[in-house]
Structure formats: C-alpha cells, structure tokens
Amino acid sequence: MGRGRVHLKTAGQEQQLSHLSVHTEAEPSHQDGAGCVPMIFCEPSLPGKAEIMTPHEAAQAPLEFGGPLGVTAMMVLLPATMFHLLLAARSGPARLLGPPAYLPGLEELWSPWALLLLFMWLGLQVALYLLPARKVAEGMELKDKSRLRYPINGFQALVLTALLVGLGVSAGLPLGALPEMLLPLAFATTLTSFSLSLLLYAKALAAPVSALAPGGNSGNSVYDFFLGRELNPRLGSFDFKYFCELRPGLIGWVLINLALLVQEAELRGSPSLAMWLVNGFQLLYVGDALWYEESVLTTMDIIHDGFGFMLAFGDLAWVPFTYSLQAQFLLYHPQPLGLPMALLICLLKAIGYYIFRGANSQKNTFRKNPSDPSVAGLETIPTATGRHLLVSGWWGMVRHPNYLGDLIMALAWSLPCGVSHLLPYFYLLYFTALLVHREARDEQQCIRKYGRAWREYCKRVPYRIIPYIY
Ligand code: NDP
C-alpha cells in the first residue's frame, strides 16, 4: 500500500524542494519563468492553509478510507487478499474470484526459518542503506523549518544485492527453493509489519506536535495506527519510512521474481519467454524507481502520509508478494508465447515506459529548473504560490500522464500470462483503482494549494488520466 493504500512508491517527480513544505497563501512570483496567463489565476480560492495541520485541524478534517471502520476492514482485507492471491497462483484453477482451493493451517504459515530469513534480509538492506551514499539529499522543509537528510544509495543497494545473490548462488545458495517459502515469508512479513506499526505508534505518542503527519493524528487510535501518526519516524539518522519505501520490498520483489525464474528453469529445463519478459519488465521498473530515488522525497507518501500500518504493510509485504503475482502464476501455469506476440508486448511496455519516464522527467526538470531548455518553451499557468503549472507537453495531454504510462506498463506485465485467467490481471485492476483514488487525493491537495489556478488547469486539460475517456 505504499501509495495510500497499498501501493508502491516509485519513480516520480523531483521537485524544487525549497518550494515544497508548508503551502501558505503567497504573493505570486514568476520564478518558474514563462508566466503567460492573466494574473486572475494567481488568486487563491482558499485562504492560506498550511499543508501540515495541527492535531486540532486534523481532527476537523474529513477522515479518509472510510474512517476507523474503513481502515479496520482494510487491515483485515489487505492481508487476506495477499494470502488469497498467493494461494490462488499455485492452485490448479488459479481463480481470482471465488474461495481459495484450501485454507492453510498455522503450521504451513508459521516458520521460524522464514522469520529468520526475513530479518536477515532486512538486516542486509539496513546495512546497505547505511553505506556511504553517492549523494545526500535534503527533504522538504518541515513544520519546524528544518529539513531532513536522506542517503541516495538505493540503486547501489540493488546492485550490491544482485552481486551478493550472484555470489551466493555460485556458492550453492538454493535460490530456486525460495518460492516454496512464499507463504511463511508473507506471514512473517505481515506479523513484522504489524509489530513495526505498533512500535511506531507507541513512539509517535511521545513525538512533538510538529513531527506529526497531517492525517494520522485524528485522535482515533485505530485510524491513526493505520495512517501513521508520525510523519518521519527516525532512530538517529535512520529514517524508517524512507528506508521501507523503496528498498526491502522493491528489491525483494525482483528477488522473488528471479527465484521463480530459477525454479522454472530447474523444473522445465529453461525459463519460458513469458517469465523472461515479466522478470525483465519488472526489473526495469524497480531499477528506474531506485535510479530516480530522490524523486520519492516529493511524493505524497513522504511529504504527507505518516508511517503506520498502511505504508509498513504496503511497502514490506504487499509489494513483494502481490506484485510478483505474474511470475508466481507463470511458474505454476506455464503459458505459450510466440515471438511476434512477445515483440508486440515489448512495444507496449516501451510505449508505457516512454510516457511514464517522459512525463515524470518533464515535471522533475520543470520543478528543478524551469529555465532548462527542454522545458523552457512549454506553456504554463502561474499560481499564487509562485510556482507554475505546465499546460503543454505531457502535462497538457492529461492531468496525470505518468499514471497513464504506468497503467500501460501494468498491462504489458500481464499480457505474457495469456488471457485464459483473470488472476495475472489483478495488478492492473488493483493499480487502476489505486491510481484513480490517488489522483482524486492529489487533486484535493492541488485545489488546496493552487485554488483558482488549478481549476483553470482542469478547464484547459479536462481529462485526468486517459485522453477523451477519463
Ligand atoms: P505525481 O508525480 O503525479 O505528482 C503529483 C504532483 O505533481 C502534484 O501534487 C503537483 O505537485 C505536481 N503537478 C501536478 N500537475 C502539474 C502540472 N501540470 N505542472 C507541474 N506540476 C504538476 O505523483 P505520484 O507520487 O502520485 O506519482 C509519481 C509516480 O509514481 C507516478 O509515475 C506513478 O504512476 C507512480 N506510482 C506508482 C505506484 C505503484 O505502486 N507502482 C503507486 C503510486 C505512484 P507540486 O505542484 O507541488 O509540484
């Protein structure tokens, strides 16, 4: 659920960090350059409103996700869905809808070895996080005017993990046995996410008001436990949320994919073309997210959401165990895939990636340096905060072109699994729901931030994600 909600956190926008922080009513300025729209759009429609609310303000704000009842249901349904998918992928009928073929007993779910393996994995990723980084980036300005510092070494962690796994395999590490441990590993990870969220909640009780997240301090303990009370829980310089966002779960996801590929090779002599495609596509996605790691510092997850069960479970459990669903499905249900179809799927993936990366990079560049020659000629709308909104280029096509590219890529991940089953399309369905919900949340925040200028943007660019459809 990284991303709200069970979701990943990945690639995205690198914005000018000095402009993030608390968004209050401001005199318009033109530092984004290329101001071109009448000043009427510079008037905020809402009074100056801090992005980070006090607990009192938060208590007045509408609760998300259906409030305490909604989040309680999610805390049951999300792990249940994850286990359902794990069981369905290995069952004969591989049904997405309908009850699982059987319910595993505790002895099948609980394994101290799985817990040990998980802790070793987390320990390895913590050690890689603590290694010297090629860069240390500053996050947004916080309510107390300070900025946190973050090591940018996620891609380095991916490469070093790959080297260590490669060394391990050549020394006899039975990577192909990992798929057999997915159920107990998922169980151990769920327990760990739950325990971590409890510890974070307890830690947040002692945190100063300025450290609390805008949405996770409603006063209802169940709701706050889910959303996360503290915005950036840290132990010294170790940042729990930033660490979990992109490392153990994302790198774990591609490791599980690789283990499934290895097991398929052991079972059938060589990995199938479909398995190669799924592994390659998803490795590209994870590599991209870690290469552009700094952009996570400006995502909703880092600047707005607290660190509670939603992100802890989403990042640590949901991502690796459900995002690897296509590879799991292919291991138990091999699918024929001809070269022409494989090439078409690669083309689709390339188109999706082109849109996704093009849109994210265009906005990142614009936020970092609006005079950069690649974005200086784009049409923009000024806003009362001094920033501008792009209304041409990718961001003039739809209001979330990056989501469109992401969804096209999600389709390309599922197509290698054929069309005989709905199960491998789960990610596409879930991700569509997630992005539609995320888009609505972002829209609310942008209306708060930019007021009338945002409404003008919506008029100029009426479609949200898919041109002429949505
Ligand atoms: P976005 O990159 O879409 O950023 C939204 C922000 O961009 C807005 O709040 C606003 O912030 C700025 N913005 C919006 N419109 C414009 C415009 N016209 N001109 C300039 N700035 C604009 O946010 P996300 O974090 O949701 O997504 C980042 C990436 O991560 C996406 O590619 C998404 O698909 C991916 N993702 C993947 C997930 C997964 O599980 N695989 C889950 C969630 C996201 P401001 O003005 O303050 O700069």
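Predicted, not measured: the structure shown is a model, and the values here were computed from it. Sequence positions are assigned chain by chain, starting from 1 and proceeding in written order. Totals for whole chains, interfaces and linings use every residue, but because this is a predicted model, local features are given only for residues with pLDDT of at least 70 and side-chain atom pairs only at 80 or more, for both listing and counting. Computation of side-chain values: all heavy atoms of the structure, hydrogens and water removed.

Engineer: Can you help me understand the overall build of the protein chain in this one?
Structural biologist: Numbering of helices and strands runs from the N terminus, with a helix taken as a DSSP run of H or I at least four residues long and a strand as a DSSP run of E at least two residues long. In terms of helices and strands, the protein chain carries 17 helices and six strands. Partly exposed describes any residue whose relative accessible area lies between the buried limit of under 20% and the exposed limit of over 50%, with all areas from a 1.4 Å probe on protein chains only and scaled to the type maximum. Going through the 470 residues of the protein chain one by one, you find that 58% of them count as buried. Sequence separation of 24 or more characterises 80% of the internal contacts of the protein chain that already satisfy a separation of 6 or more. We call two residues in contact whenever any of their non-hydrogen atoms come within 4.5 Å of each other.

Engineer: Can you walk me through helix H12 (residues 309-323) in this structure?
Structural biologist: Side chains that are three or four residues apart share a direction in an α-helix, a result of its 3.6 residues per turn. A rise of 1.5 Å per residue sets the reference length of H12, with its 15 residues, at 21 Å; its end C-alpha atoms lie only 18 Å apart and thus fall more than 12% short of the reference. The largest bend along H12 measures about 40° and falls at Asp 315. The buried fraction of H12 amounts to 15 of the 15 residues, a majority that puts the element mostly inside the structure. By this rule the span expected of a helix is its residue count minus one, scaled by 1.5 Å. A residue's bend is simply the angle between two axes: one fitted to the seven residues ending at it, one to the seven starting at it.

Engineer: Explanation requested: the pattern of salt bridges in the structure shown.
Structural biologist: If charged atoms from side chains of opposite charge come close, those side chains can pair. For this analysis, a salt bridge means a side-chain nitrogen from Lys or Arg found within 4 Å of a carboxyl oxygen belonging to Asp or Glu. All told, the structure shown has 14 salt bridges when counted by the stated rule. Among the salt bridges present, the one from Arg 247 reaches Glu 293, with a minimum N-O distance of 2.6 Å. Here the residue Arg 247 occupies a position in the loop between helix H8 (240-246) and helix H9 (248-268), and Glu 293 occupies one in the loop between helix H10 (273-291) and helix H11 (300-303), the gap between them amounting to 46 residues. Residue Glu 293 is classed as buried on the basis of its relative accessible area of 1%. Measuring nitrogen to oxygen at the nearest pair gives 2.8 Å for the salt bridge that ties Arg 357 to Asp 288. Taken together, the residues Arg 357 in helix H14 (residues 339-368) and Asp 288 in helix H10 connect sequence positions 69 residues apart. Asp 288 carries the same exposure label as Arg 357, and that label is buried. The network of salt bridges with common partners includes Glu 64, Asp 305 and Arg 441.

Engineer: Explain unusual backbone geometry here, please?
Structural biologist: Most peptide bonds take the trans form, and the phi angle of most residues other than glycine is negative. Of note, the phi angle at Lys 145 is positive, near 75°, even though the residue is not glycine. Relative to the elements of secondary structure, Lys 145 occurs in the loop between strand S1 (136-141) and strand S2 (147-151). Phi angles above zero are rare outside glycine, and Tyr 468 is one such case at about 65°. Secondary-structure assignment places Tyr 468 in the segment after helix H17 (452-460).

Engineer: Can you help me understand the nonpolar core in this one?
Structural biologist: Burial of nonpolar side chains together is a common tendency in soluble globular proteins. Each nonpolar core is a collection of buried residues, namely Ala, Val, Leu, Ile, Met, Phe, Trp, Tyr and Cys, held together in the definition by side-chain atoms within 4.5 Å. If you look at the biggest cluster of nonpolar residues, it comprises 116 residues, and the most contacted ones within it are Met 82, Phe 226, Leu 423 and Phe 431. Those residues in contact with Met 82 that sit more than four places away from it in its chain are Ala 186, Thr 190, Phe 313, Ala 317, Trp 318, Phe 321 and Thr 322. One finds Ile 381, Leu 390, Cys 446 and Tyr 450 within the second-largest nonpolar core, a separate group that totals 17 residues.

Engineer: Got a minute to help me understand the pairing of S1 in this structure?
Structural biologist: Taken residue by residue, a regular strand's side chains alternate between the two faces of the sheet. In this scheme, strands are said to pair when DSSP sees at least two bridges between them. In terms of strand pairing, S1 meets S2 through four bridges, oriented antiparallel. Note on S2: the bridge partner recorded for Glu 138 is Arg 149. Taking the residues between adjacent antiparallel strands as the criterion, S1 and S2 are bridged by five residues, where Lys 145 takes a positive phi near 75°.

Engineer: What is the right way to read a nonpolar patch on the surface from this model?
Structural biologist: Patch definition: residues with relative accessible area over 30% and no salt bridge; like charges joined within 9 Å; nonpolar side chains (Val, Leu, Ile, Met, Phe, Trp, Tyr) joined within 5 Å. Note that accessible areas follow from Shrake-Rupley with a 1.4 Å probe, and for residues the cover is restricted to the protein chains shown. A grouping of Val 436, Ile 466, Tyr 468, Ile 469 and Tyr 470 is seen on the molecular surface, where their side chains present a nonpolar patch of about 520 Å² in accessible area. Counting through the fold element by element, Val 436 comes out in helix H16 (residues 426-450). Since its relative accessible area comes to 31%, Val 436 is described here as partly exposed.

Engineer: Mind showing me how you'd approach the layout of surface pockets here?
Structural biologist: Rolling a probe over the atoms, with the probe sized like a water molecule, indicates the empty space that remains. Definitions used for this entry: grid spacing 1 Å over protein atoms alone; cavity, a set of points where a 1.4 Å probe fits but cannot get out; pocket, an open set with protein on both sides within 12 Å along at least 5 of 7 lines; lining residue, one with an atom within 4 Å of a point. Grid points are joined across faces, edges and corners, and a volume is the space filled by probe spheres set on the points. Looking at the largest pocket, its volume works out to about 670 Å³. Together, 25 residues line the largest pocket, and Leu 117, Trp 121, Leu 178, Leu 185 and Leu 255 are the ones closest to its centre. Taken together, the elements giving at least two residues each to the lining of the largest pocket come down to helix H4 (112-130), helix H5 (154-170), helix H6 (182-205), H9 and H12. Charged means Asp, Glu, Lys or Arg here, nonpolar means Ala, Val, Leu, Ile, Met, Phe, Trp, Tyr, Cys or Pro, and polar covers whatever is left, Gly included. A breakdown of the residues in the lining of the largest pocket according to their chemical character gives 21 nonpolar, four polar and no charged.

Engineer: Can you help me understand the packing of H10 against helix H15 (residues 401-414) in this one?
Structural biologist: The description of two helices packed together rests on the angle between their axes and the distance between the axes. To get an axis, fit a line to the C-alpha atoms, keeping to the stretch in contact for a helix; angles then go from 0 to 180 degrees between the N-to-C directions. Put simply, H10 and H15 touch, their axes get as near as 9 Å, and they point 155° apart. Taken as axis vectors, H10 and H15 run roughly antiparallel relative to one another. The hand of the H10/H15 crossing is left-handed. Residues Val 278, Phe 281, Gln 282 and Tyr 285 of H10 form the contact with H15, whose own contacting residues are Asp 406, Met 409, Ala 412 and Trp 413. Each angle receives one of four descriptions, namely roughly parallel if under 35 degrees, roughly antiparallel if over 145, roughly perpendicular if within 65 to 115, and oblique otherwise. The crossing is said to be left-handed when, going from far helix to near helix, the turn is anticlockwise and less than a right angle, and right-handed when the turn is clockwise.

Engineer: Help me understand the side chain of Thr 189 in this model?
Structural biologist: Looking at where Thr 189 falls in the secondary structure, it is placed in helix H6. The definition of a polar contact used here is a pair of N or O atoms within 3.5 Å, where within protein one atom must be able to donate a hydrogen and the other to accept one, and adjacent residues in sequence count solely through side-chain atom pairs. A distance of 2.6 Å separates a polar side-chain atom of Thr 189 from the backbone oxygen of Leu 185.

Engineer: Any chance you could explain the packing of aromatic side chains here in plain terms?
Structural biologist: Describing an aromatic ring pair means giving the distance of the ring centres and the angle of the ring planes. Ring pairs shown here join Phe, Tyr and Trp side chains whose ring centres sit within 6.5 Å, with only the six-membered ring taken for Trp; geometry is labelled stacked below 30 degrees between planes, edge-to-face above 60, and tilted in between. Taken as a whole, this structure holds 30 aromatic pairs when the rule is applied. Ring centres of Trp 253 and Tyr 323 lie 5.1 Å apart, and the angle between their planes is 85°; this geometry places the pair in the edge-to-face category. Of the two residues, Trp 253 sits in helix H9 while Tyr 323 sits in helix H12, which places them 70 residues apart along the sequence. Overall, the relative accessible area of 0% leaves Trp 253 in the buried class. Classification of Tyr 323 by relative accessible area gives buried; the value is 1%. Ring geometry for Phe 426 versus Tyr 430: centroids 5.9 Å apart, planes at 5°, classification stacked.

Engineer: What is the right way to read the side chain of His 84 from this model?
Structural biologist: Of note, His 84 is situated in helix H2 (residues 67-90). Among the residues examined, His 84 registers a relative accessible area of 15% and is labelled buried. Residues contacting His 84, with those up to four places away along its chain left out, are Arg 95, Leu 96, Gly 98, Pro 99 and Pro 100.

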